[in-house]
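Structural overview
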Amino acid sequence: MVRITERSRLEQVEHILGSGSGILDFAVEGEPNYYTWEGNEDSDWVIDDVEYVENDDEDRFILYPEEDFFICEIEDESVQCWSE
């Protein structure tokens, strides 16, 4: 697991693991580990163009993109992702 501690842009994100506590884990194609952003419950994150949510009624869920991948812009207190 790689912790995201500074402004980052992730491309080719295959899926995103999310939790009710505000932590997001990003699975990037070809990478053996997840990239982890540790927000909190009231952090500002928006993930657009979601095709499917697995376990949407549980604390840990998985978001899959409409297209092949997500692109994610990550800052200290916010995350914005979309599918291309």
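Residues numbered from 1 in each chain as written. Predicted model: local features only at pLDDT ≥ 70, side-chain atom pairs only at ≥ 80, totals over all residues. Heavy atoms only, no water.

In this section: the overall build of the chain. When helices and strands are tallied, the chain shows 0 helices and 9 strands. Reading the chain from its N terminus to its C terminus gives the helix and strand order β-β-β-β-β-β-β-β-β. The C-alpha atoms of the chain give a radius of gyration of 12 Å, which matches the 12 Å a tight globule of 84 residues would have. Principal-axis analysis of the C-alpha atoms places the extent of the chain at approximately 30 × 25 × 20 Å. Taken across its 84 residues, the chain has 38% of its residues classed as buried. Within the chain, counting contacts between residues at least 6 apart in sequence, those at least 24 apart form 48% of the total. Just so you have it, the chain exposes about 5100 Å², and 39% of that area is on carbon and sulfur atoms. Taking the average location of the 4 positive side-chain charges in the chain and that of its 26 negative ones, the two points are 8 Å from each other. (Helix = DSSP H or I, 4+ residues; strand = E, 2+ residues; numbered from the N terminus. Rg over C-alpha atoms; globule rule 2.2 N^0.38 Å. Buried < 20%, exposed > 50% of the residue type's maximum accessible area, 1.4 Å probe, protein only. Contact = heavy atoms within 4.5 Å. Areas by Shrake-Rupley, 256 points an atom, 1.4 Å probe, with all protein chains shown as cover. Lys, Arg positive; Asp, Glu negative; His and termini not counted. Charge placed at Lys NZ, Arg CZ, Asp CG, Glu CD.)

A separate point is the side chain of Thr 36. Within the fold, Thr 36 resides in strand 4 (residues 35-38). By relative accessible area, Thr 36 is classed as buried at 2%. Among the polar contacts listed, one links the side chain of Thr 36 to the side chain of Asp 25, at a separation of 2.5 Å. Once residues lying within four places of it in the same chain are set aside, the contact partners of Thr 36 are Met 1, Val 2, Arg 3, Ile 4, Ile 23, Leu 24 and Asp 25. (Polar contact = N/O pair within 3.5 Å; in protein donor to acceptor, adjacent residues only side chain to side chain.)

Let us look at the confidence of the model for the chain. Of the residues in the chain, 100% have a pLDDT of 70 or more, and the chain-wide mean is 92. Mean pLDDT in the chain bottoms out at strand 5 (residues 44-47), which sits at 89, and peaks at strand 8 (residues 70-74), which reaches 97. (pLDDT = per-residue confidence, 0-100.)

Taken as a whole and assessed by the stated rule, the structure comprises 1 disulfide. A disulfide bridge connects Cys 72 with Cys 81, and the sulfur atoms are separated by 2.2 Å. Between Cys 72 and Cys 81, the S-S dihedral sits near 120 degrees, and the bridge is therefore right-handed. In this structure, Cys 72 and Cys 81 share a single accessibility class: buried. (Disulfide = S-S within 2.5 Å.)

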